[in-house]
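# Understanding the architecture of this molecule
Listed below, chain by chain, are the residues.
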Amino acid sequence: MLKSEEFFEEIISGILENGYAIKDDFLLNEEVGHLKNIFEKKYNDGEFKQAGIGKSGDLKTQLEIRGDEILWIDEKTEEPAELLLLKKTNEFIQYLNATCYLGIKSVEIHYAKYENGKFYKRHKDMFQSQKGRILSIIFYLNTDWKPEHGGELVIYKERGGVEEAIKIEPIAGRMVCFESENLEHEVLPSYAPRLSITGWLKNVD
Ligand code: OGA
Ligand code: NI
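Notes on the structure in this doc start here. In this text the structure is predicted, and so the values were computed from the model without any measurement.

## A look at the overall build of the chain
Per the secondary structure count, the chain includes 4 helices and 11 strands. The globule rule puts the C-alpha radius of gyration for 205 residues at 17 Å, and the 16 Å found for the chain is close to it. Its C-alpha atoms put the chain at 45 × 45 × 35 Å along the principal axes. The proportion of buried residues among the 205 residues of the chain is 49%. Of note, the chain has its 27 positive side-chain charges centred 4 Å away from the centre of its 37 negative side-chain charges.

Next up, the structure:
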C-alpha cells in the first residue's frame, strides 16, 4: 500500500469511528514552507478579505462570530505548491469515492489567517448557502506553534449523552478532517498569527 493510501485509510477509520480524524505530517515540511511563502505573499499583497458568516449582518456582528481573513484558491492556479495541495486533495477524494462511495464531486478551498486575538465561535460548516459540504478538511501551517498561542480547534462531540470537547493545536503539517454537517466546532482566540488552509469536499458541482 502506498504511504498516501495508508494516511487516507487512517483518516477514513477516524471519521467512521469518531466523526473526525487528525493526521500529523500530512504535509511535509517542505510543502508547508512553500505554501507559507505564497500565503504570506498574498496576504501582504492585500488579497485576503474578511470572512463572512453566510448571513447578512454588519461587520461588527460578524466579527463577534468570526475574525479570520480568507482567500480562495483558484482551481486553475499555476502555483506549484497550490497545485500539489490540490493534487493531494484530489487523490484523497478519489480514494474516498472508490472506497466509501461518498460521491464527492468538487472541492472548494481557502487560505485563512487569524491575526492576534481573532477566533471563530462555535458553528457547523454547513449552512444554507453552503449546500453539499460533506467533509471539512483543514491543513495547518504554523511552524513554531506554542501552547500559549491558543488558537486551538475545538471539536464538540457527544459520547453516551455527554459532550466532549476535543482540543486540537494548529501545528504545521497536521491535517484535520470531519463531517461538515454533524460536528460543531470552534477556533479559540489565537494569540499569534494563525495560518491554515480549509477545504470542503462536496457532493455537488
Ligand atoms: C472553518 C473552521 C477551523 C480551523 O473555517 O470553518 O472551522 O481550525 N476552521 O481553522
Ligand atoms: Ni468551521
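There is more to say after this.
## Considering the site of ligand 1
Taken together, Tyr 120, His 123, Asp 125, Ile 138, Tyr 140, Leu 153, His 185, Val 187, Arg 194, Ser 196, Thr 198 and Trp 200 form the complete shell of residues around ligand 1. Here Asp 125 contributes a side-chain N or O atom positioned 3.0 Å from an oxygen atom of ligand 1. With respect to ligand 1, the side chain of Arg 194 contributes an N or O atom lying 2.8 Å from an oxygen atom. Bound to the protein, ligand 1 loses 99% of the 290 Å² it would expose on its own.

## Describing the coordination of the nickel ion (ligand 2)
Coordination sphere of the nickel ion (ligand 2), protein contribution only: His 123 (NE2), Asp 125 (OD) and His 185 (NE2), at 2.0 to 2.1 Å. Ordering the donors of the nickel ion (ligand 2) by residue number gives the pattern H-x1-D-x59-H. In this pair, Asp 125 is assigned in the loop between β5 (120-123) and β6 (133-140) and His 185 in strand β10 (residues 184-187), connecting sequence segments 60 residues apart. Residue class for His 185 comes out buried when judged on its relative accessible area of 4%.

## Structural notes on the pairing of strand β8 (residues 162-168)
Pairing geometry for strand β7 (residues 153-159) and β8, over 7 bridges, is antiparallel. Within the sheet, the bridge partner assigned to Tyr 156 lies in β8 and is Ala 165. Adjacent in sequence and paired antiparallel, β7 and β8 are bridged by 2 residues, among which Gly 160 carries a positive phi angle near 55°.

Reading the values: rules and limits
- Chains are numbered independently. Their residues run from 1 in the order of the written sequence.
- Written order determines the labels here, with chains lettered from A and ligands numbered from 1.
- Under the rules for a predicted model, residues below a pLDDT of 70 receive no local features and side-chain atom pairs below 80 are neither given nor counted, while totals for whole chains, interfaces and linings still include all residues.
- For the side-chain quantities, the full set of heavy atoms in the structure was used; hydrogens and water were omitted.
- Numbering goes from the N terminus for both helices and strands, where a helix is a DSSP run of H or I of at least four residues and a strand is a run of E of at least two.
- Here the radius of gyration uses the C-alpha set of atoms, whereas the globule reference equals 2.2 Å times the residue count to the power 0.38.
- Only protein chains enter the area calculation, which uses a 1.4 Å probe; residues under 20% of their type maximum are buried, those over 50% are exposed, and those in between are partly exposed.
- Charge counting follows a simple rule: Lys and Arg are positive, Asp and Glu are negative, and His as well as the terminal groups are ignored.
- The atom standing in for a charge is NZ when the residue is Lys, CZ when it is Arg, CG when it is Asp and CD when it is Glu.
- If a single non-hydrogen atom of a residue is within 4 Å of a molecule or strand, that residue counts as near it.
- Polar contact is the term for a pair of N or O atoms within 3.5 Å; when the atoms are in protein, one must be able to donate a hydrogen and the other to accept it, and sequence-neighboring residues count only if both atoms are side-chain atoms.
- The Shrake-Rupley method, run with a 1.4 Å probe, gives the accessible areas here. Residue values count only the displayed protein chains as cover.
- The rule for donors is simple: an N, O or S atom within 2.8 Å of the metal counts, and for Na, K and Ca the reach is 3.2 Å. Water is not among the atoms, so a site may look short of donors.
- Any two strands with at least two DSSP-identified bridges between them are counted as paired.

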